[in-house]
Every structure is written in C-alpha cells, then in structure tokens.
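# Close look at the chain arrangement
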Amino acid sequence: MSLTAGIVGLPNVGKSTLFNAITKKNILAANYPFATIDPNVGVVTVPDKRLEFLEKLYVPKSLVPTTFEFTDIAGLVKGASKGEGLGNQFLSHIREVDAIVEVVRCFEDKNIIHVENSVDPIRDIDIINVELMLADLEVIENRINRVSKKAIMSKDKETLREIEVLEKVKKGLMEDLPARRLSYTEEEINILKPFHLLTLKPIIYMTNIGEDELLTSNSYVSQVEEYAKKDSAQVITVCAKIESELSELSDEDKAIFLKDLGIEESGLDKLIKATYSLLGLATYFTAGEDEVRAWTFHVGMKAPACAGIIHSDFERGFIRAEVMSYEDLHTCGNEKMVREAGKMRLEGKEYSMQDGDICYFRFNV
C-alpha cells in the first residue's frame, strides 16, 4: 500500500534539511530559493516498538517494518498558481500526494534569508494556502466550463450533480475557504476524488524552531497552533538542525542524545506517526520464524481486503484468519500461552481488522 505525504513550504524554511533528516538522503539544501529542482522521494520506516518485542520473541530471519513515503517539493512562492517561481510544475507534484506537511519557519536567523524578508508564519501559511486555492479554483472552473452546457442540454443527472458539488467547492474557495473546511456527504467525496484538489488533502503544520527553543515557548508556534484549529490540524514542532544531527546517529546514540535534550521522541518520529494517523492508517502483523512483518491498512478494512495487501490470492481465496492481538501476546508471553488463555480467535470475512492484530490467513485458490 503506497502512501505519500508532500512536504511543502516557502523557500528557506527548512524543508530540504528536514527531508534529509527524515530519509537520510543527501539532497541539495542551499540558502537560496529553488534549491530542490525535482521532487525528491524518500521511503521511511514507521516507528513501532511492537516490532522489537516480536523480533525478540520469534527471532525471525528477516524483520520488515511498515513504510511511508515523503516527497520534498520545491519551495512555493507568491504567484505559483500563475507560474511564478517554479509554479505549476510543483503544484502538479502536490496533487499526487495523499497528505500535505507544510513546514513553517518559526525561528529568527539573520544568516538565512527569508523570501519575504521577515519571519511571519501566518503570512507564510496564507501565501501557500492562497496559491493552492487558486490552483484548485482553476481546475474547478475549467471542468465546469467544459461540461456544464452539454450537461444542461442532455440533462445528464450524474454530470449535473457533479457540477452542483463543484459549485459548492468553488463558492467556498471564493470565500477564502480551503476545500477541507467544508462538509461533504460520502457521495460528494467520491465525486471530488478524481480532481485531486490540493486544499481537500489533510494537512499537518510543521513548525521549525531554533535549537535553543526546544524546551521553551515560542510565540510564532503559538500563532500556528491557533491557526491550525481552523483545519482541525495537528502541529508538530521540530528543530531541523537538531533533527539533522539525530539522523546521523545510531539508535542507541540517538536515545542518549534525546535524553540529554530532555525530550522522549524526535520531532520526525512524531511527524511520521502523525501523518500515518492523519490518513486513517493502522498496522497489523504477520509473525513467524521466517519473517516478522508489519503491514499498513486503512482503518475499517475487512480481513479479506487486508489479506489481499499481502497477495491478491489471499483475498480471492480467503477462508478465515487466525488472529491474536499484540496486547494479548505481550501479556501472555508467547503463542502457546495465548492459545491456553483462549485469546486466539478465528475471524471470518466480515471481521474488521484492528491495529496490532497478529494474523495467519487461511485461503484456498
């Protein structure tokens, strides 16, 4: 299941530095706009301490964590929707992602220029939001202009309903409301899906602070947190410089460094988990001597569909799933004790997979 979040922001807010830290990839991070010329894609593992227990218990030949994809997209500037900077080239890349992570500069540093010549996080957020809304407005108006006359003449119900929904979103955009702030029926969501509207994508705001502000309050961050309430969005606070240093350390040294800093978890680990949660994702496991593996699924998926993530034959020939929860396994200590405690279950086609389920699928094709 390939899922991706796009990292966006104005130039020089710390996007590429953070992306380097997330993926440990050495892309160009320079003190001038448009240092990132092509979208950079990195696959990262989703932090999950449950895998550590499963690895110790099963001692598998291989351990495969679940992954998430981040795409670093070049800095947007005012006028991007009209082609300013690198413009529409990068707006098109954003359309391909499942969620948006907007990096917002919340630190002062005279040595790092700001494209707008001052630090003002709300202004920066508004610049990007306006560009994304203008890009969405263009898509919607083009579609309405293309099909409205024909739909009215033919009285095609589906197309007329599509126009009605697009007009609803257009009205919101004209009133400075991103598409995500409107309410929709399931039917309306399905109508809008093919348009990949930028402002309909879920968003996380990532505030980049100075390294001396990790354990102190920051007025810029407070402003972003208040703004984020409009989108019911999470705010993750990081220091790109520190995250970059952490990314170079072993897991053991990283834990020591975090303890010295007085924090329990890196900002990037928080971001990965928050993005995973934002998209309504969860994890189930398969475990044995050959392999312990984490699998990503959408919350609400039935057992056959989750089996199909492993292989389409598993879904096609699904009979039932043998399931135990991670909590029960952890409490009991091993599979034998889980069975003796009566905690091992056989689940059928209507079972909704739960986060932390450990499964063995039975199928026949």
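Quick notes on the rules
Residues numbered from 1 in each chain as written. Predicted model: local features only at pLDDT ≥ 70, side-chain atom pairs only at ≥ 80, totals over all residues. Heavy atoms only, no water. Buried < 20%, exposed > 50% of the residue type's maximum accessible area, 1.4 Å probe, protein only. Helix = DSSP H or I, 4+ residues; strand = E, 2+ residues; numbered from the N terminus. Pairing = 2+ DSSP bridges. Axes fitted to C-alpha atoms, helices over the stretch in contact; angles between N-to-C directions. Parallel < 35°, antiparallel > 145°, perpendicular 65-115°, else oblique. Left-handed = near helix turned anticlockwise from the far one by under 90°. Contact = heavy atoms within 4.5 Å. Nonpolar A, V, L, I, M, F, W, Y, C, P; charged D, E, K, R; others polar. Phe/Tyr/Trp six-rings, centres within 6.5 Å; stacked < 30°, edge-to-face > 60°. Lys NZ or Arg CZ within 6 Å of the ring centre and 35° of its normal.

Now for the pairing of strand 10 (residues 318-325). Summarising burial for strand 10: six of the eight residues are buried, a large majority. Both strand 10 and strand 12 (residues 357-363) contribute to a ladder of seven bridges, which runs antiparallel. Pairing of Met324 across the sheet is with Ile358, part of strand 12. Looking at chain direction, strand 10 and strand 11 (residues 345-347) are connected through three bridges and run antiparallel. For Glu322, the partnering residue across the bridge sits in strand 11 and is Leu346.

With that settled, the discussion passes to the packing of helix 4 (residues 121-154) against helix 5 (residues 157-174). Each pair of packed helices gets described by two things: the angle between the helix axes and the distance between those axes. One can describe the packing of helix 4 onto helix 5 by two numbers: an axis separation of 9 Å at closest approach and a directional angle of 150 degrees. One element, helix 4, and the other, helix 5, form an angle in the roughly antiparallel class. Along this stretch, helix 4 crosses helix 5, giving a crossing that reads as left-handed. Facing Met133, Asp136, Leu137, Ile140, Glu141, Arg143, Ile144, Val147, Ser148, Ala151 and Ile152 of helix 4, the residues of helix 5 in contact are Thr159, Leu160, Glu162, Ile163, Leu166, Glu167, Val169, Lys170, Leu173 and Met174. Taken together, the residues of the contact of helix 4 with helix 5 sort by class into 13 nonpolar, two polar and six charged.

On to the sheet that holds strand 5 (residues 99-105), then. Strand order in the open sheet formed by six strands is 2-4-1-5-6-7, and the pairing between neighbours is mixed. Here the strands that pair on one side only, and so sit at the sheet edges, are strand 2 (40-45) and strand 7 (235-238). Each strand of the sheet is rotated relative to its neighbour by a mean of 25 degrees, with strand direction disregarded. With four bridges connecting them, strand 6 (residues 203-208) and strand 7 associate as parallel partners. Within strand 7, the position partnered with Asn208 by the bridge is Val238.

A complete count under the given rule lists eight aromatic pairs for this structure. Ring plane angle 90 degrees and centroid distance 6.0 Å describe the contact between Tyr205 and Tyr227, whose orientation is recorded as edge-to-face. Note that Tyr205 is positioned in strand 6 and Tyr227 in helix 7 (residues 219-228), a separation of 22 residues in sequence. Each member of the pair, Tyr205 as well as Tyr227, carries the same accessibility label: buried. Counting every residue linked through ring pairs, the aromatic cluster contains Tyr284, Trp295, Phe297, Phe318 and Phe361. The side chain of Arg105 reaches across the aromatic face of Phe107, ending 4.4 Å from its centre.

So, on to the packing of helix 4 against helix 7. In the contact formed by helix 4 and helix 7, the axes pass within 9 Å of each other and the chain directions differ by 40 degrees. In this view, helix 4 runs oblique relative to helix 7, as classed from their interaxial angle. Contact residues: Pro121, Ile122, Ile125, Asp126 and Asn129 in helix 4; Tyr220, Gln223, Val224 and Tyr227 in helix 7. Of the residues belonging to the contact of helix 4 with helix 7, the class tally is six nonpolar, two polar and one charged.

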